[in-house]
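Chain residues, written in single-letter form:
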Amino acid sequence: MSPPVAPPGWSRWLVPPAALSVHLSIGQAYAWSVFKPPLESALGLSGTQSALPFQLAIVMLGLSAAFGGTLVERNGPRWAMTVALICFSSGFLVSALGAATEQYWLIVLGYGFVGGIGLGIGYISPVSTLIKWFPDRPGMATGIAIMGFGGGALIASPWSAQMLESFGSDHSGIALAFLVHGMSYAVFMTLGVLLVRVPRPVEPAAAGGPGGAAGVQVSARTAVRTPQFWCLWVVLCMNVTAGIGILEKAAPMITDFFADTSTPVSVTAAAGFVALLSAANMAGRIGWSSTSDLIGRKNIYRVYLGVGALMYALIALVGDSSKPVFILSALVILSFYGGGFATIPAYLKDLFGTYQVGAIHGRLLTAWSTAGVLGPLIVNWIADRQEEAGKHGSSLYTASLVIMIGLLVVGFVANELVRPVHARHHHVPAPREAADATADTTTGSATGSTTDVAGARPQQPESA
């Protein structure tokens, strides 16, 4: 499938809605916690077992993004969105079959493995294209699209809860809910497939001839050999682990925290809390990533990681005695979690340039795969062990919260170690590649020069 090239006069503002149609769909993953209690009840699963489809989906997201990143760059966003549509929707259909027949392994296979591939390819499908359309505001552009992934649960959480209430929370009701999800998302994602376009190429002479693409340009193969890549890998992994652990168990966590108080949280209110977290996740993706265009990527990650650790400390210390403190702290954490995802493509663009930035982004998302296992595993395993020891309420999560604080501190240190990429790693493109790179960096609206990783005025590259 050839990448669809925008005709003359095509507005670049039509590309973000195309990306949103895909990201709002695959963002349903963040509403998985709504299905956890019904699955545990209907199929006799533990909290750790019911988290497995979600964990595997996140693992496959990172792996498919890493291995498919180069294919996405080569074949274009329409091909990638089509693959994502087929895999993500098929995953729900296989899961529906698993729930209907009470074969839990089919739910793990469908939602986790097949659907997870759709998550990964769909997630990176518009990122490189958006950066090429908006070289002047990469943080805002990727934030608009990736906002959809964070906001997907804002739609899916109450929608899923309502379906389970209407269809029933037994295995047949869950199966029907999965079936409706699969069919509905297939239709919605088709809009993105039909709408997306890539920028028109610009002749080298129009931009100063071959080599006219200014700034740092690093290939994906070279990028993974730099310390900057691995520092960002640690930053992303720590930030995601700290956020995803709470997000995956959000509904049961808020119920447990206030179970022994005079104001317990109902199932409906817990689903509403998940929707609130989704709203914060979504708002953080556009708000914080746009802010990073003003104050720089390194500075915004200092906020994500440093202030995030303080929010976790608040929850650990007074969260169970004050519902507003618990909710507000969780909302701030999830806004940082979402902002971290939306800002990382622009951080990569600052460090490595636009050449193969989509493939580099795909490789970096293996950090998300790791975090997708670590976060839920830490929270669920510790909660299960504490429950076996006879503990209840907020004490089920105290140790997990302390661990999350430590992880955010590790990420903060890794962010401080990031420096501009040394000139020896820069890619010197062949004439045809130079023309493509020039087109990438001049289409839409021009950008003056590549900013440094702190978002300040351009600097000469330092040694790694």
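All values reported here derive from a predicted model rather than from experimental measurement.

Time to look at the nonpolar core. The biggest cluster of nonpolar side chains holds 122 residues, and the ones touching the most others in it are Tyr123, Phe178, Tyr337, Phe341, Phe352 and Trp368. Among the elements that make up this core, the one with the highest residue count is helix α15 (residues 323-352) (14 residues). Excluding anything up to four places from it in sequence, Tyr123 contacts His23, Ile26, Ile146, Phe149, Arg285, Phe341, His361, Leu365 and Trp368. Listed in part, the twelve residues of the second largest apolar core include Ala19, Leu130, Phe134 and Ile144.

Packing of helix α4 (residues 52-75) against helix α17 (residues 366-388) leaves a shortest axis separation of 6 Å and a crossing angle of 170°. When the interaxial angle is binned, α4 and α17 end up roughly antiparallel. Of the residues in α17, those in contact with Phe54, Gln55, Ile58, Val59, Leu61, Gly62, Leu63 and Ala66 of α4 are Thr366, Trp368, Ser369, Gly372, Val373, Pro376 and Leu377. Along the lines of polarity and charge, the residues of the contact of α4 with α17 split into ten nonpolar, five polar and no charged.

Here Ser33 is to be found in the loop between α1 (15-26) and α2 (36-43). Ser33 gets classed as buried once you look at its relative accessible area, which sits at 1%. Dropping the residues within four chain positions of it, Ser33 is found in contact with Leu247, Glu248, Ala250, Ala251 and Val274.

Across its twelve residues, α1 extends 17 Å between first and last C-alpha, which sits within 8% of the 16 Å expected from 1.5 Å per residue. Among all positions in α1, only Val15, Pro16, Ala18, Ala19, Leu20, Ser21, Val22, His23, Leu24, Ser25 and Ile26 are buried.

Criteria and thresholds
- Residues numbered from 1 in each chain as written.
- Predicted model: local features only at pLDDT ≥ 70, side-chain atom pairs only at ≥ 80, totals over all residues.
- Heavy atoms only, no water.
- Core = buried A, V, L, I, M, F, W, Y, C linked by side-chain atoms within 4.5 Å.
- Buried < 20%, exposed > 50% of the residue type's maximum accessible area, 1.4 Å probe, protein only.
- Helix = DSSP H or I, 4+ residues; strand = E, 2+ residues; numbered from the N terminus.
- Contact = heavy atoms within 4.5 Å.
- Axes fitted to C-alpha atoms, helices over the stretch in contact; angles between N-to-C directions.
- Parallel < 35°, antiparallel > 145°, perpendicular 65-115°, else oblique.
- Nonpolar A, V, L, I, M, F, W, Y, C, P; charged D, E, K, R; others polar.
- Expected span 1.5 Å × (residues − 1).

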